[in-house]
Amino acid sequence: MYTLLVVEDEKWIRKGLVHKLKKVDLPFGEIHDARNGIEAIEIIKDNGIDIIITDICMPDMDGIELIKKVKEFNKHIEFIIISGYSEFRYAEAAINMGVKSYLLKPTTDEDLMSALDKVITRIEEKRQYNNLSKENINIKIRNEKLTYENELNYLLKSKKHDSKFLQDNYPIMYNSNQYQLIVLNINYDVKGECKNNYYDIEDVKTKIFDYLVTNIHLDNYYAFNNMDILNQILILIWGDAEKLKLTGDSISKKLFYDCLSGEQISKTIGISTILTLIDNELYKSAKKALDLRLIYGLNKIYTGEHIDLSNEFLFPKNELKLLKKNIERGYIKNVEVLLQEIFSKDRFRESNAGNLYFLYSEVVNTIYETLYSTSVDIQKVTQYDLSQYDIMNYANRLEDISIYLYRLIENRLIINKKTPINCRELVDEITKYIDMHYEEKINVKSLAARYGINPNYFSTIFKEQLGVTCTKYITMKRLEYACRMLRETNINVEEIAESVGYSDLQYFYRVFKKEFNYTPMEYRNGAVS
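Residues numbered from 1 in each chain as written. Predicted model: local features only at pLDDT ≥ 70, side-chain atom pairs only at ≥ 80, totals over all residues. Heavy atoms only, no water.

Secondary structure assignment for the chain yields 24 helices and 11 strands. Per-residue burial over the chain gives 46% buried out of 529 residues. By sequence separation, contacts in the chain at least 24 residues apart represent 67% of the contacts at least 6 residues apart. (Helix = DSSP H or I, 4+ residues; strand = E, 2+ residues; numbered from the N terminus. Buried < 20%, exposed > 50% of the residue type's maximum accessible area, 1.4 Å probe, protein only. Contact = heavy atoms within 4.5 Å.)

Moving on, we get to the packing of helix α18 (residues 423-437) against helix α20 (residues 455-466). Running from N to C, α18 and α20 cross one another at 95°; their axes reach a closest spacing of 10 Å. Taken together, the axis directions place α18 and α20 in an arrangement best described as roughly perpendicular. Residues Cys 423, Arg 424, Leu 426, Val 427, Ile 430, Thr 431 and Ile 434 of α18 form the contact with α20, whose participating residues are Tyr 457, Phe 458, Ile 461, Phe 462, Gln 465 and Leu 466. Across the contact of α18 with α20, the residue classes break down as 10 nonpolar, two polar and one charged. (Axes fitted to C-alpha atoms, helices over the stretch in contact; angles between N-to-C directions. Parallel < 35°, antiparallel > 145°, perpendicular 65-115°, else oblique. Nonpolar A, V, L, I, M, F, W, Y, C, P; charged D, E, K, R; others polar.)

Moving on, we come to helix α9 (residues 241-259). For α9, built from 19 residues, the straight-helix expectation of 27 Å at 1.5 Å per residue is met to within 8% by its first-to-last C-alpha distance of 25 Å. Restricting attention to buried positions, one finds in α9 the residues Leu 244, Thr 247, Gly 248, Ile 251, Ser 252, Leu 255, Phe 256 and Cys 259. The N-capping residue of α9, defined by a side-chain oxygen 3.2 Å from the backbone nitrogen of Glu 242, is Asp 240. (Expected span 1.5 Å × (residues − 1). Polar contact = N/O pair within 3.5 Å; in protein donor to acceptor, adjacent residues only side chain to side chain.)

Here we take up unusual backbone geometry. If you check the backbone angles, Asp 60 has positive phi at about 70° while not being a glycine. Structurally, Asp 60 can be placed in the loop between β3 (51-54) and α3 (63-73). The backbone of Asn 299 sits at a positive phi, close to 60°, despite the residue not being glycine. Structurally, the position occupied by Asn 299 is in the loop between α11 (293-296) and β11 (301-303).

The next point concerns the pattern of salt bridges. Taken as a whole and judged by the stated rule, the model has 27 salt bridges. The partner of Asp 228 in a salt bridge is Lys 157, with the nearest N and O atoms 3.2 Å apart. Taken together, the positions of Asp 228 in the loop between β8 (221-225) and β9 (232-238) and Lys 157 in the loop between α5 (109-156) and α6 (164-169) put the pair 71 residues apart, joining distant regions of the chain. Among the ionic pairs, Lys 284 bridges to Glu 281, the shortest N-O distance being 3.3 Å. Taken together, the residues Lys 284 and Glu 281, both in helix α10 (residues 280-290) and three residues apart, mark about one turn of the helix. Under the relative-accessibility criterion, Glu 281 is labelled partly exposed at 45%. Several salt bridges converge on common partners, so that one network encompasses Arg 14, Lys 15 and Asp 33. (Salt bridge = Lys/Arg side-chain N within 4 Å of Asp/Glu carboxyl O.)

We now examine the nonpolar core. Leu 323, Leu 339, Phe 343, Val 363, Ile 401 and Leu 405 are the most contacted members of the largest nonpolar core, which totals 33 residues. Elements represented by at least two residues in this core include exactly α11, α12 (317-329), α13 (332-342), α14 (353-373) and α17 (398-416). Core analysis: the next-biggest nonpolar cluster, separate from the first, contains 24 residues, Leu 184, Ile 208, Ile 233 and Leu 260 among them. (Core = buried A, V, L, I, M, F, W, Y, C linked by side-chain atoms within 4.5 Å.)

Turning our attention to the sheet that holds strand β5 (residues 101-104). Ordered in space as β2-β1-β3-β4-β5, the five strands form an open sheet in which the pairing is parallel. Either end of the sheet is taken by a strand with one partner, and the two such strands are β2 (28-34) and β5. Each neighbouring strand pair of the sheet contributes to a mean axis angle of 15°, computed without reference to strand direction. Sheet topology places strand β4 (residues 78-83) next to β5; four bridges connect them, and they run parallel. By the bridge assignment for β5, Ile 81 is matched with Tyr 102. Running over the sheet, helix α2 (residues 37-46) touches β1 (2-7), β2 and β3 and is turned about 145° from β2. Across the face of the sheet, α3 comes into contact with β1, β3 and β4 while running at roughly 175° to β4. (Pairing = 2+ DSSP bridges.)

In the structure shown here, the tally under the stated rule is 18 aromatic pairs. Here Tyr 170 and Trp 238 contribute two aromatic rings whose centre-to-centre distance is 5.5 Å and whose plane-to-plane angle is 80°, an arrangement assigned as edge-to-face. Of this pair, Tyr 170 sits in the loop between α6 and α7 (171-174) while Trp 238 sits in strand β9, and the two are 68 residues apart along the sequence. Given the relative accessible area of 21%, Tyr 170 is considered partly exposed. On the basis of relative accessibility, which here comes to 3%, the residue Trp 238 falls in the buried class. Grouping aromatic residues by their ring pairs yields a cluster made of Tyr 502, Tyr 507, Phe 508, Tyr 509, Phe 512, Phe 516, Tyr 518 and Tyr 523. (Phe/Tyr/Trp six-rings, centres within 6.5 Å; stacked < 30°, edge-to-face > 60°.)

Moving on, we come to the side chain of Arg 478. Mapped onto the elements of the fold, Arg 478 is located in helix α21 (residues 470-488). Within the buried set, Arg 478 has no salt-bridge partner at all; the shortest N-O distance to an opposite charge, 7.4 Å, is to Glu 439. If we ignore the near neighbours within four places in the chain, the residues touching Arg 478 are Tyr 438, Glu 440, Ile 442, Val 500, Gly 501 and Tyr 502. (Lys, Arg positive; Asp, Glu negative; His and termini not counted.)

Here is the structure:
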């Protein structure tokens, strides 16, 4: 809808023009009128005017002066001049100020409608151009942020610490000699259980990033996504030791007690010790602090100082022996009870993450050794990903670890009793899950973890059963729904991309173009033969 203003000193001409405009079949909303330029200026300042139809010769402020004044504070309003003056000087002045429509009185309805159609077309072209410009700017900002995220994630999870990109683009960060890393872990807390929904978690993360920009006005930190773990945000801090402590303390406490207070989520923060490089050691230090949540619980702030506390850890030597015997004999219920005891909260009450890592490794070694001795194919056991770091990423409680290991043992013992895995049933179950959750951040690794299978083995059986890779299946499911929305709705392409799991619009365009050989907009506009 467009808002109009008619400026004419002759009352009956003005009222007649307003009356005529109200009856035309054009998308007009409010239609205002003014007796002269001064009155028009006041109306323009109080209302969002799109089109002004004005006379030239008026008392106090003529039409040319009105256009000049309006252009000083609003360059987007379109003008149509209707005047009894045919002198070239008026037309020339109007043209020099960007006016495209100059009509002479008496004006026919046909000429007026033609002028209005042209003005509306120009307004729409401007709006589309502005929207496209804003979209391009937003895409550029998102791409720059993604580049920084990729680079920082790579440094924190590899043994390399050199980065020409950061040195060239963020020298203040890169050239510091002391760093600290904060890991913020968030989960929805539903009746005591931690549940994660992709869109809900993304909403919370957006709120956190907005909060940091609005409330933490410091120049020595950078917040970004942990690209391997959906529900984590990483915050890198740099500077001297005193500045690091002040910044880390301010950010962690404001996030914990202000930004996230009142939300139905669990939030846990792990803060690294102060180190000299942006590398894997910095990430591991923060992660060890965060992993104390498995022992002491969620909704706490853990620091690097907590990791190396001296303590007395009661190693479950007898329980491991019993675990070995019960696996050998196939007493699966006893195995469940023993694992719960081994990973009980009481055992780690005065302990730290280092003890948890050590015990986990010992339990896994016991499982390998025992299943191997009972003639279970050890290759079948290694189809499960038992890396302590991967397990800790997906666990929120000690019970999660015992449950995961119990399911592994139970499954292997069933296999050993000649009850084979039905790969087709497993793949059918996985595809049903993908069909219901394709819009979420799912991939081979996360699906393999969900079903307790080694990612390589997962990929192999999926391809064998369906003839396509899991990644290809997820892509086609997303594009299938995207095509449906392009055909059946007027939702813009960016929103469609996000609704099917693509947060990067340019990447969605590339995937769509590669698959169908035309862009989403071409598809929507009927490019399909």
